[in-house]
Amino acid sequence: QQQVKQSPQSLIVQKGGISIINCAYENTAFDYFPWYQQFPGKGPALLIAIRPDVSEKKEGRFTISFNKSAKQFSLHIMDSQPGDSATYFCAASTRGAQKLVFGQGTRLTINP
Amino acid sequence: NAGVTQTPKFRVLKTGQSMTLLCAQDMNHEYMYWYRQDPGMGLRLIHYSVGEGTTAKGEVPDGYNVSRLKKQNFLLGLESAAPSQTSVYFCASSYRIGQATPSNQPQHFGDGTRLSIL
């Protein structure tokens, strides 16, 4: 049972374009929604996170949009750069032990 | 500051062999986690610990055991390795939510152990 569903599995974007990755969740008890970025041979690293009391959070070129009623959230990467090429994971957790439930991952390639 | 260190980085085992993966963190984090990463499935939680001497099961605990005798270390054991346990294993740690840290805390990951079971 996949509690967090992520799409697309892979994405190719031209340099300077906008990359959009979507996630949907089922458990309404989730109250923390982070995005992690992973480069080959490395562990995931936190990119940006949002709580459900806000609809949008922006950090530099990265924005999370959150739709609580639809139980969906998405990552937008503006002015995508080749250095953004990586695998991106959405995740969700409740409070307490902060156990993360991850989406399946999206391999993003930014063509120069 | 090393962060989260995993050893070994690579290992090949034969079916039925046992081994222990070591995770060490130097950030004084209370919480520690073990995940496995498989293609198309993201990361799945195996076991976790909310403090020294405590462990709990995650989403996919079968075939694994863990121990946390010291706050900075979290060990993952495979008693009798099976080919289905071929994966990349990641350890992570985080601060707990508390008075000083009221919001969810980011998990810091190691660079993984690539394990193949033949």
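Residues numbered from 1 in each chain as written. Chains lettered and ligands numbered in written order. Predicted model: local features only at pLDDT ≥ 70, side-chain atom pairs only at ≥ 80, totals over all residues. Heavy atoms only, no water.

K.L.:
What am I meant to see in the overall build of chain A here?
P.N.:
When helices and strands are counted, chain A shows zero helices and 11 strands. Helices and strands in chain A line up, N terminus first, as β-β-β-β-β-β-β-β-β-β-β. Taking 112 residues into account, the globule formula puts the C-alpha radius of gyration at 13 Å, and chain A, at 13 Å, falls close to it. In terms of overall dimensions, chain A has a C-alpha envelope of 40 × 30 × 20 Å along the principal axes. Counting all 112 residues of chain A, 46% fall into the buried class. In chain A, of all internal contacts separated by at least 6 residues, the share reaching a separation of at least 24 is 54%. Accessible surface, chain A: about 5,300 Å² in total, of which carbon and sulfur atoms supply 49%. (Helix = DSSP H or I, 4+ residues; strand = E, 2+ residues; numbered from the N terminus. Rg over C-alpha atoms; globule rule 2.2 N^0.38 Å. Buried < 20%, exposed > 50% of the residue type's maximum accessible area, 1.4 Å probe, protein only. Contact = heavy atoms within 4.5 Å. Areas by Shrake-Rupley, 256 points an atom, 1.4 Å probe, with all protein chains shown as cover.)

K.L.:
Which parts of the structure should I look at to understand the sheet that holds strand β8 (residues 72-77) of chain A?
P.N.:
In a beta sheet, neighbouring strands pair by backbone hydrogen bonds and run either parallel or antiparallel. Residue and element names in this part refer to chain A. Strand order in this open sheet of five strands is β1-β3-β8-β7-β6, and the pairing throughout is antiparallel. Of all strands in the sheet, those bounded by a partner on one side alone are β1 (4-7) and β6 (56-59). If you compare each strand with its neighbour and ignore which way they point, the axes differ by 15° on average. Sheet analysis places strand β3 (residues 19-25) next to β8, joined by six bridges and oriented antiparallel. Directly across from S19, in β8, lies its bridge partner I77. (Pairing = 2+ DSSP bridges. Axes fitted to C-alpha atoms, helices over the stretch in contact; angles between N-to-C directions.)

K.L.:
Please explain the environment of Y25 of chain A as it appears in this structure.
P.N.:
All names here are of chain A. Along the polypeptide, Y25 turns up in strand β3. With relative accessibility at 6%, the residue Y25 sits in the buried group. A sequence separation of 18 residues divides Y25 from G43, and the C-alpha atoms of the two residues are 23 Å apart. Leaving out residues up to four positions away in the same chain, Y25 has contacts with Q3, V4, F30, F33, F66, K68, K71, Q72 and F73.

K.L.:
Before we go on, may I ask you to explain a nonpolar patch on the surface in this structure?
P.N.:
Residues and elements named next belong to chain A. On the surface, a nonpolar cluster with roughly 240 Å² of combined accessible area is contributed by I18, I20 and M78. When you line up the elements, M78 lands in the loop between β8 and β9 (86-92). With a relative accessible area of 35%, M78 lands in the partly exposed category. (Patch = residues over 30% accessible without salt bridge, like charges linked within 9 Å, V, L, I, M, F, W, Y side chains within 5 Å. Salt bridge = Lys/Arg side-chain N within 4 Å of Asp/Glu carboxyl O.)

K.L.:
Sorry, what's going on with the interface of chain B and chain A here?
P.N.:
Accessible area lost upon the coming together of the parts serves often as the stated size of an interface. Across the boundary between the two partners, chain B contributes 27 residues, which contact 23 residues of chain A. Between chain B and chain A the total buried area reaches about 1,900 Å² when both faces are included, carbon and sulfur atoms providing 50% of it. Looking at the side of chain B facing chain A, the largest losses of area belong to L43, N104 and F109 of chain B, adding up to 28% of the total buried there. At the surface where chain B touches chain A, the tally comes to one salt bridge. If you look at where chain B meets chain A, you find six residue pairs in polar contact (both at pLDDT 80 or more). Contributions of two or more residues to the side of chain B that touches chain A are made by β4 (31-38), β5 (42-51) and β9 (87-94) of chain B. Among the elements that make up the side of chain B that touches chain A, the one with the highest residue count is β5 of chain B (five residues). When its residues are assigned to classes, the side of chain B that touches chain A shows 14 nonpolar, nine polar and four charged. (Buried area = accessible area lost by both parts, 1.4 Å probe. Polar contact = N/O pair within 3.5 Å; in protein donor to acceptor, adjacent residues only side chain to side chain. Nonpolar A, V, L, I, M, F, W, Y, C, P; charged D, E, K, R; others polar.)

K.L.:
Just to check I follow, could you spell out the confidence of the model for chain B for this structure?
P.N.:
Low pLDDT means the predicted atomic positions in that stretch should not be read closely. On average, residues of chain B score 93 in pLDDT, and 95% of them reach the 70 mark or higher. The least confident element of chain B, judged by mean pLDDT, is β5 of chain B at 95; the most confident is strand β8 (residues 73-78) of chain B at 98. (pLDDT = per-residue confidence, 0-100.)

K.L.:
I'm lost on the sheet that holds strand β7 (residues 64-67) of chain B in this one. Help?
P.N.:
All names here are of chain B. Ordered by their spatial adjacency, four strands build an open sheet running β1-β3-β8-β7, and the pairing between neighbours is antiparallel. The open sheet is flanked by β1 (4-7) and β7, the only strands paired with a single partner. On average, each strand axis in the sheet is inclined to that of its neighbour by 20°, with strand direction left out of account.

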